[in-house]
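Coordinates in review
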Amino acid sequence: MLHDPAAPSPRRHRPYATAALVALMVAAWYVDTHTRVSTGLGPDELPARFVLLGDGPAPWQLVTWAFVHGDGWHLAMNLPGLALFGAACERHVGAWGLLATTLVACVLVGALFVCLDGRDLYGASGLVTSFAAMVFALACARPDARWMRACVALASLAYAWVFDLAPWLRGRPSPGLVPHGLGYAVGLALALALVGVRRRRA
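It should be emphasised that the depicted structure is a prediction, and the values quoted were computed from it without experimental measurement.

Thoughts on the overall build of the protein chain
A tally of helices and strands in the protein chain yields six helices and zero strands. Listing the helices and strands of the protein chain from first to last along the sequence gives α-α-α-α-α-α. By residue count, 43% of the 202 residues in the protein chain fall in the buried class. A separation of at least 24 residues holds for 78% of the contacts in the protein chain among residues at least 6 apart in sequence.

Describing the packing of helix H1 (residues 16-33) against helix H3 (residues 72-116)
Viewed as axis vectors pointing N to C, H1 and H3 meet at an angle of 145°, and their least axial separation amounts to 7 Å. Like other packed secondary-structure pairs, H1 and H3 cross with a definite hand, here right-handed. In this structure, H1 uses Tyr16, Ala17, Thr18, Leu21, Val22, Met25, Val26 and Trp29 to contact H3, whose residues at the interface are Gly72, Leu75, Leu79, Leu82, Ala83, Gly86, Ala87, Glu90, Ala95, Leu98, Leu99 and Thr102.

Points about H3
Between its first and last C-alpha atoms H3 spans 28 Å; for 45 residues at 1.5 Å apiece the expected length is 66 Å, and the helix comes up short by more than 12%. Residue glycine 94 marks the point of greatest curvature in H3, where the axis turns by about 115°. Two or three places before tryptophan 73, at the start of H3, stands the capping residue aspartate 71, its side-chain oxygen 3.2 Å from that residue's backbone nitrogen.

A short note on the pattern of salt bridges
Under the definition given, this model contains one salt bridge. When the shortest N-O distance is used, the salt bridge between arginine 119 and aspartate 117 registers 3.0 Å. A relative accessible area of 39% places arginine 119 in the partly exposed class. Taking the relative accessible area as the measure of exposure, aspartate 117 reaches 14% and is therefore buried.

Describing the packing of aromatic side chains
By convention here, two paired aromatic rings are described through the distance between centres and the angle between planes. Tallied over the full model, the rule gives two aromatic pairs. Within the aromatic cluster, the residues linked to one another by ring pairs are Phe85, Tyr159 and Phe163.

Overview of the packing of H3 against helix H6 (residues 177-201)
Direction vectors running N to C along H3 and H6 enclose 135°, while the axes themselves pass 9 Å from each other. In this view, H3 runs oblique relative to H6, as classed from their interaxial angle. As for how H3 packs across H6, the hand of that crossing is right-handed. Residues His92, Val93, Thr101, Val104, Ala105, Leu108, Val109, Leu112, Phe113 and Leu116 of H3 pack against Val178, Pro179, Leu182, Gly183, Val186, Leu190, Leu194 and Arg198 of H6. Here the residues of the contact of H3 with H6 sort into 14 nonpolar, three polar and one charged.

Let's talk about the side chain of histidine 69
With respect to the element layout, histidine 69 can be found in the loop between helix H2 (61-64) and H3. Histidine 69 gets classed as buried once you look at its relative accessible area, which sits at 0%. Among the polar contacts made by the side chain of histidine 69, one reaches the main-chain amide nitrogen of alanine 124 at a distance of 3.2 Å.

Here we look at the nonpolar core
Counting 42 residues, the largest nonpolar core has Met25, Trp65, Leu82, Phe85, Leu127, Phe131 and Met134 as the members making the most contacts within it. For this core, the secondary-structure elements that each account for two or more residues are H1, H3, helix H4 (125-141), helix H5 (146-169) and H6. With twelve residues, the single largest contributor to this core is H3. Residues contacting phenylalanine 85, with those up to four places away along its chain left out, are Val128, Phe131, Ala132, Val135, Ala155, Ser156 and Tyr159.

Points about the environment of leucine 190
Take leucine 190: it is sitting in helix H6. In contact with leucine 190, not counting residues within four places along its chain, are Thr101, Val104, Ala105 and Met134.

Comments concerning the environment of methionine 77
Mapped onto the elements, methionine 77 comes out in helix H3. Taking the C-alpha atoms as reference points, methionine 77 and glycine 123, separated by 46 residues in sequence, lie 9.9 Å from one another.

Some words on the side chain of serine 174
Tracing the chain through its elements places serine 174 in the loop between H5 and H6. Overall, the relative accessible area of 18% leaves serine 174 in the buried class. For serine 174, the side chain forms a polar contact with the main-chain nitrogen of glycine 176, separated by 3.0 Å. Residues contacting serine 174, with those up to four places away along its chain left out, are Phe163, Asp164, Pro167 and His180.

The rules behind each value
- Residues numbered from 1 in each chain as written.
- Predicted model: local features only at pLDDT ≥ 70, side-chain atom pairs only at ≥ 80, totals over all residues.
- Heavy atoms only, no water.
- Helix = DSSP H or I, 4+ residues; strand = E, 2+ residues; numbered from the N terminus.
- Buried < 20%, exposed > 50% of the residue type's maximum accessible area, 1.4 Å probe, protein only.
- Contact = heavy atoms within 4.5 Å.
- Axes fitted to C-alpha atoms, helices over the stretch in contact; angles between N-to-C directions.
- Left-handed = near helix turned anticlockwise from the far one by under 90°.
- Expected span 1.5 Å × (residues − 1).
- Bend = angle between axes of the 7 residues up to and from the residue.
- Polar contact = N/O pair within 3.5 Å; in protein donor to acceptor, adjacent residues only side chain to side chain.
- Salt bridge = Lys/Arg side-chain N within 4 Å of Asp/Glu carboxyl O.
- Phe/Tyr/Trp six-rings, centres within 6.5 Å; stacked < 30°, edge-to-face > 60°.
- Parallel < 35°, antiparallel > 145°, perpendicular 65-115°, else oblique.
- Nonpolar A, V, L, I, M, F, W, Y, C, P; charged D, E, K, R; others polar.
- Core = buried A, V, L, I, M, F, W, Y, C linked by side-chain atoms within 4.5 Å.

And the structure:
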């Protein structure tokens, strides 16, 4: 698998960037749901200015799509994975590295989704799968802390199995299968790029 002897040992610190990201997700959901204009004709529409529109997205929507959720349940389904895998990534790349990873992953997943799928995109699950794949690859690249690496890798695999692989094998794929798959690919690519940069610097 990946082996990155040049990688520094993961830092032991509190995941401030991950906590800020989770808080921002909750704040964005609160502001969004309390500023929608009620039509009285069913579910209120999502804010088109922030959803990634498949028929012609604005540049900022390549980032904002990950912070828009349909309802509280949608948000609640994404927050545990965001907190777990975000904190694990932050342990490897640091606070600023996690924020940079968030920006790059959002843009790449969003841009690829627009190219491959004509639907609108919203919700943080594509970002969560990026973190899951990235931390899986980075954990496998570490030569130390085998039990910690095993736990992280198993958590990443369990997430992919529960939310994507098992439903797909049962013939009922998740509605988010495409953005999730793009998230896994982007996260793995970012991890490989990081490992490559560290090796060149070593």
